[in-house]
Amino acid sequence: ELLRGLPLFELCSKRDLRRIAAIAVERELDAGAELIREGEPAGEFYVVVEGEVDVRRRGRRVAHLGEGSFVGEIALLSRSPRTATVIASTPVRVLAISGRDFVALLDTLPELWLKVARTLADRVDADEASDGG
């Protein structure tokens, strides 16, 4: 039920949700804790279950995300270092999925891939707008 309540997974079947639950690890972090560090290798994908996070690029806040948001997909999909730092701005509860498991999910769940792709496109558009172009 926790997974079904998250927008990213709302179209997944019960079978798919069981599969995701089997690979997701729930973590709790205090406000101020760093989830992702810009420039480091990618390891996991995160879905914010409760709380809020700040996304910072080169020390500047570029986004403030809350429940149902996800982070970490860009570096995993591009196989490049993390593009931003993500810090818990409140106490947070997240679901962590290893990079390998995340990519495997995308390969087998087109509805999940579509939601991630749409969010990724929105983030690219927002980055270009903030860079002036």
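What counts and how
Residues numbered from 1 in each chain as written. Predicted model: local features only at pLDDT ≥ 70, side-chain atom pairs only at ≥ 80, totals over all residues. Heavy atoms only, no water. pLDDT = per-residue confidence, 0-100. Helix = DSSP H or I, 4+ residues; strand = E, 2+ residues; numbered from the N terminus. Phe/Tyr/Trp six-rings, centres within 6.5 Å; stacked < 30°, edge-to-face > 60°. Buried < 20%, exposed > 50% of the residue type's maximum accessible area, 1.4 Å probe, protein only. Lys, Arg positive; Asp, Glu negative; His and termini not counted. Salt bridge = Lys/Arg side-chain N within 4 Å of Asp/Glu carboxyl O. Polar contact = N/O pair within 3.5 Å; in protein donor to acceptor, adjacent residues only side chain to side chain. Contact = heavy atoms within 4.5 Å. Arc of directions from axis to C-beta.

Draft legend 1. Inspection of the confidence of the model for the chain at higher detail. Mean pLDDT over the chain: 89, with 92% of residues reaching 70 or higher. Helix H4 (residues 110-130) is the least confidently modelled element of the chain, averaging 74 in pLDDT, while strand S7 (residues 85-88) averages 98, the highest of any element.

Draft legend 2. Just the packing of aromatic side chains, in detail. The tally for this structure, following the rule as stated, stands at two aromatic pairs. Arranged with centres 5.5 Å apart and planes meeting at 45 degrees, the rings of Phe45 and Phe70 form a pair that is tilted. On the criterion of sequence distance, the pair formed by Phe45 in strand S3 (residues 44-50) and Phe70 in strand S6 (residues 70-71) is long-range, its members being 25 residues apart. Here Phe45 matches Phe70 in class, with each residue buried. With a centroid separation of 4.0 Å and 15 degrees between ring planes, the pair formed by Phe45 and Phe102 is classed as stacked. A residue pair is termed long-range when its members are at least 10 positions apart, and Phe45 in strand S3 and Phe102 in helix H3 (residues 99-108) qualify at 57 residues. An aromatic cluster of at least three residues, connected via ring pairs, comprises Phe45, Phe70 and Phe102.

Draft legend 3. Fine view of the side chain of Arg82. Note that Arg82 resides in the loop between helix H2 (73-78) and S7. It is Glu44 that comes nearest to the buried, bridge-free Arg82 among opposite-charge side chains, at 6.3 Å. One polar contact links the side chain of Arg82 to the main-chain carbonyl oxygen of Gly72, over a distance of 3.0 Å. With near-sequence residues (within four places) excluded, Arg82 lies in contact with Ile36, Arg37, Glu38, Gly39, Glu40, Pro41, Ala42, Gly43, Glu44, Tyr46, Gly72 and Ala75.

Draft legend 4. Structural context of H3. Of the residues making up H3, those classed as buried are Gly99, Phe102, Leu105 and Leu106. Projected down its long axis, H3 shows its buried positions confined to an angular sector of 120 degrees, all on one face. Away from the buried face of H3 by more than 90 degrees, exposed residues Arg100 and Asp107 are located.

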